[in-house]
Amino acid sequence: MDFEVTYTEEQQRFRREVRAWLEANVAPSMLRTPTSAEDNYRRYLELRDLGRKLGAKGWLYPTAPAKYGGGGLDVDHAIILEEEVDRFDLSLPPYYDSGGRLGSASILVWGTEEQRQAFLPPIYRGEVRTWQLLTEPGAGSDLAGVRMTTAVRDGDGYVIRGQKIFVGSDNGTDRIWMIVNTDPKGKRHENLSWFMIDASLPGITMQPMELMGTGGEGGTDSGVKQTVFFDDVRVPAFALVGGENKGWTVATTHLELEHGGGGRIGRNRVWDRLLRYCQETKRDGVPLSQQQDVRDSLADIYIKTEVQRLFGLRNFYLTYARKPKSYEGPQLSYYRKTTGLWMTGAILEAVGPAALTTDPAWGAPSGFLETQQRNGIVSVHPGGTTDIQRVQMARRIGIGRSTREKAGTVHGAE
Amino acid sequence: MDLSLTESQEMLRTTARSFMQRETPVDVVVGLQKAESSLERDLWAKAARLGWLGIVLPAEYGGSGDSLSDAAVLYEELGRGPLPGPFFSSGVLGALTVLEAGTDEQRRRILPGVATGETVLTVAITEPNTSWGPGGITLAPQGRNGSFVLNGTKLFVSDATSATDLIVAVRTGDGPTDVSLLHVDAKARGVSTRRLPGFLSWQCEVSFDNVQVPATSLLGEAQRGWAALSRALERAIPILCAYIVGGCQAVYEKSVLYTQTRVQFGVPIGRFQRVQDHVVRLVNHLDSARWATWEALWKLDTGRPATASVHMAKAVASEAYLDVCNAAHEVHAGMGVLIEYGLPAHTQMSRTLFHYLGDPRWHKRRMADALEW
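Only a predicted model underlies this, so the values are computations on that prediction, with no experimental measurement involved.

Caption draft 1: Structural view of the domain arrangement of chain B. Residues and elements named next belong to chain B. On domain assignment, one finds that chain B holds domain 1 (7-120), domain 2 (122-222) and domain 3 (226-370). Computed over C-alpha atoms only, the centres of domain 2 and domain 3 are separated by 29 Å. Summing both sides of the interface, domain 2 and domain 3 together bury roughly 1500 Å²; the carbon and sulfur share of this comes to 70%. Sorting the residues of domain 2 by area buried against domain 3 places W132, F199 and S201 first, and these three jointly supply 45% of that buried surface. Seen at the junction of domain 2 and domain 3, the total is 0 salt bridges. Where domain 2 packs against domain 3, one counts 4 residue pairs in polar contact (both at pLDDT 80 or more). The residue makeup of the side of domain 2 that touches domain 3, split by class, is 9 nonpolar, 7 polar and 1 charged.

If you want it as structure tokens, here you go:
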């Protein structure tokens, strides 16, 4: 076994090129904690601008096929890019782009050639930001139960009507990747369809939902989500991806990736800062990190973050080596969510009430621990609750049902 | 990056698995449980012929010169039994301790016999204080006429009742790590070994009553014993972890099968999400132990600093095996506690290895030290 990517001379040169480029193009202001809603929006625009620059180089979606505007890079180069971007506490894309990430992967697998050519380049080049819309008031964990939002065939297009909740982040979106009901009388799993549509179409309105989390562009950790209303929104038939009433099949790709099937490499940002904080903060004249009870807590926290890293690495390997997967995707998701939730208590115990305040004098630097206290809880639900992940695992292990469920397809045309 | 086994490792796995299926099905493992000695002669001879007893030894000492990862593949299979016998005690920890501590002459004298199985080693470390650190080693030999005399007790010594030779850690100075290693004939006058009774697997008491040990039995140099033993432990522990991973894997497979076949309320019990939760908990532990172990092995085999990873692997694996068995008992209920079903052999082993060579808390603290927090 080999747990590390071995880099060639050419790849090392690529790393230097990426690092120099990022140092020239990532302004320190992009990494600030926004001080107001307006400031949050200004920061978002800076991140979008960075996204377009990355996209122009093929670095926004590095492994996406070059013929559709992606980077066309192999996994080793993509890892270098992710690692270098991670040094700035950023990810690819550097803003919340769930519909871009998961929608583009689904379109690669299930879209027609014309749809790939139309939808993918703007995503890969950073020209558009896309939100995914799945959850409805009556369909959360039970995604197959989507029925409030419908699309009805009308001439050369469809008319969408209904409501989606817990959508996106702050600052609006350009595109919408959504699942709707296209046959209200149809059988479960045979009545859903996916659409990729323009977010500025007449009849679409949004209303913010304030969440317990913090951060405007933190993706799943966002402090703001939206309720999106569709009031007889006319969309072209071309926007339907994967065939009418074939939405559940398309969803297997989307959900496999959302449930962690793609894997992840990279360090745990909370851990590094937590350790530094405990080394620099004294209680009764002794650094927290030198106190046995705190050290014991830190050891437990460290081990969980390490196991999470190993699960992410394994899934990443299984994906790029194209090995069969079964329960590994939802396992990573389950482990990440339950660890984050558990860690809120563990950190509170290790650090004390300083973990709860954003106060610059008495809290941890830039309130990162307070953020974890909130987001460790908020992150339990997006992309499927911990219980949904367990159900998925059981089905794929092959218990509970007469046939074993297979992992979703994540590789498309390249 | 490549997280798959090599072709030769796959072959070794296949060989070992079919050997285990043929030679040590559940009834054999269960039958061995009450034996005073864990060593079953016929099995031991066959394992020696397959080259398993010298798997971590270089060719010049009669071994096969395989990597630690190769050895781990084998031990994962043995752990599925869990196969009793001094495989780890002699073939891994014993062999590596002699390799790390002994002079070249001592290695040439002792190790080939380990590889052929004629010599069976075990390393006696802890004492009634049950510490796994150097501070717990208090057994101090008296010097007399250029030889050593031992009086005292070593505890929780694995497989001592089947050992021919003991490597005994003794205190030879006042400094924290002033420890030396003695090579003692298990049949020497005054040495007695006894399997400890109860819910633990071949952990033994070794008593020394005026045991005369010649000066030549000092392995390597005096006071260097702890450093050598630490190096040996760092390489041996991940292989013990692999044995644990194999145990977890077997318990997992048993549990999955049971949820698929046991019918209550008219359906297989796997239909019930409460039961599924046990299996999820089980597989999460299994995979935690597996990947922590394999990353440590990879670091060791590629010469990377591995101390923290090794401590983490032992902590994670020990906790995993214990709770894997707990979860399996929740799945299996009454069937799980039937001795003949085979789960209790794992449960007992999971408790034994929880403590053996250091419990999770001990290893987590050593890990924190190694990471220089």
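Now that the structure has been shown, we can carry on.
Caption draft 2: Focus on the packing of helix α4 (residues 68-79) of chain B against helix α7 (residues 225-261) of chain B. Residue and element names in this part refer to chain B. Between α4 and α7, whose axes approach to 6 Å, the crossing angle comes to 35 degrees. Considering the relative orientation of α4 and α7, their crossing is right-handed. On the side of α4, the interface is formed by L68, A71, A72, Y75, E76, L78 and G79, while α7 contributes R235, I239, A242, Y243, V245, G246 and G247. When grouped by side-chain class, the residues that make up the contact of α4 with α7 number 9 nonpolar, 3 polar and 2 charged.

Caption draft 3: The pattern of salt bridges, seen in detail. All names here are of chain A. This model, assessed by the stated rule, comprises 50 salt bridges over all chains. Linking R188 and D142 is a salt bridge whose minimum nitrogen-to-oxygen distance equals 2.9 Å. Remark: D142 occurs in the loop between β1 (130-133) and β2 (150-154) and R188 occurs in the loop between β4 (175-181) and β5 (192-198); sequence separation between them is 46 residues. Take R188: its relative accessible area is 47%, and that puts it in the partly exposed class. Judged by relative accessible area, which is 35%, D142 ranks as partly exposed.

Caption draft 4: Representation of the nonpolar core in the model. In this structure, V351 of chain A together with Y75 and L357 of chain B are the most contacted members of the largest nonpolar core, which totals 150 residues. Per element, the largest residue contribution to this core is 19 residues, and it comes from α7 of chain B. Filtering out sequence-adjacent residues up to four positions away, V351 of chain A remains in contact with L274, Y277, C278, R283 and L369 of chain A. Of all hydrophobic cores here, the second largest spans 42 residues; its members include I80, L92, I107 and L120 of chain A.

Caption draft 5: Quick look at the interface of chain B and chain A. On the chain A side, the residues contacting the 38 residues of chain B number 43 residues. When the area that chain B buries against chain A is broken down by residue, the three leading residues are M1, L3 and W373 of chain B, summing to 25%. Taken together, the links from chain B to chain A amount to 8 salt bridges. On inspection of chain B and its partner chain A, the count reaches 19 residue pairs in polar contact (both at pLDDT 80 or more). Those elements giving two or more residues to the side of chain B that touches chain A turn out to be α7, α8 (273-301), α9 (307-332) and α11 (360-370) of chain B. Ranked by residue count, the leading element in the side of chain B that touches chain A is α8 of chain B, at 14 residues.

Caption draft 6: The arrangement of empty space enclosed by the protein in detail. Residue and element names in this part refer to chain B. The tally for this structure, following the rule as stated, stands at 3 cavities of 30 Å³ or more. Broken down by secondary-structure element, the contributors of at least two residues to the lining of the largest cavity are α4, α5 (87-101), α7 and α10 (343-355). When grouped by side-chain class, the residues that make up the lining of the largest cavity number 13 nonpolar, 6 polar and 1 charged.

Caption draft 7: How the structure looks around the sheet that holds strand β7 (residues 203-214) of chain B. Residues and elements named next belong to chain B. Strands sit in the order β2-β3-β7-β6 across an open sheet of 4 strands; the sheet is antiparallel. Two strands in the sheet have a free side with no partner beyond their single neighbour: β2 (142-144) and β6 (191-195). Direction aside, neighbouring strands of the sheet carry axes that sit 15 degrees apart on average.

Caption draft 8: The side chain of R390 of chain A, seen in detail. Inspection of the secondary structure assignment puts R390 of chain A in helix α11 (residues 386-397). Excluding its chain neighbours within four sequence positions, the residues that come into contact with R390 of chain A are Y334 of chain A together with D277 and V280 of chain B.

About the criteria used
- Residues numbered from 1 in each chain as written.
- Chains lettered and ligands numbered in written order.
- Predicted model: local features only at pLDDT ≥ 70, side-chain atom pairs only at ≥ 80, totals over all residues.
- Heavy atoms only, no water.
- Domains from an automatic or database assignment.
- Buried area = accessible area lost by both parts, 1.4 Å probe.
- Salt bridge = Lys/Arg side-chain N within 4 Å of Asp/Glu carboxyl O.
- Polar contact = N/O pair within 3.5 Å; in protein donor to acceptor, adjacent residues only side chain to side chain.
- Nonpolar A, V, L, I, M, F, W, Y, C, P; charged D, E, K, R; others polar.
- Axes fitted to C-alpha atoms, helices over the stretch in contact; angles between N-to-C directions.
- Helix = DSSP H or I, 4+ residues; strand = E, 2+ residues; numbered from the N terminus.
- Left-handed = near helix turned anticlockwise from the far one by under 90°.
- Contact = heavy atoms within 4.5 Å.
- Buried < 20%, exposed > 50% of the residue type's maximum accessible area, 1.4 Å probe, protein only.
- Core = buried A, V, L, I, M, F, W, Y, C linked by side-chain atoms within 4.5 Å.
- 1 Å grid on protein atoms, 1.4 Å probe; cavity = no way out; pocket = protein on both sides within 12 Å on 5 of 7 lines; lining within 4 Å.
- Points joined across faces, edges and corners; volume = space filled by probe spheres on them.
- Pairing = 2+ DSSP bridges.

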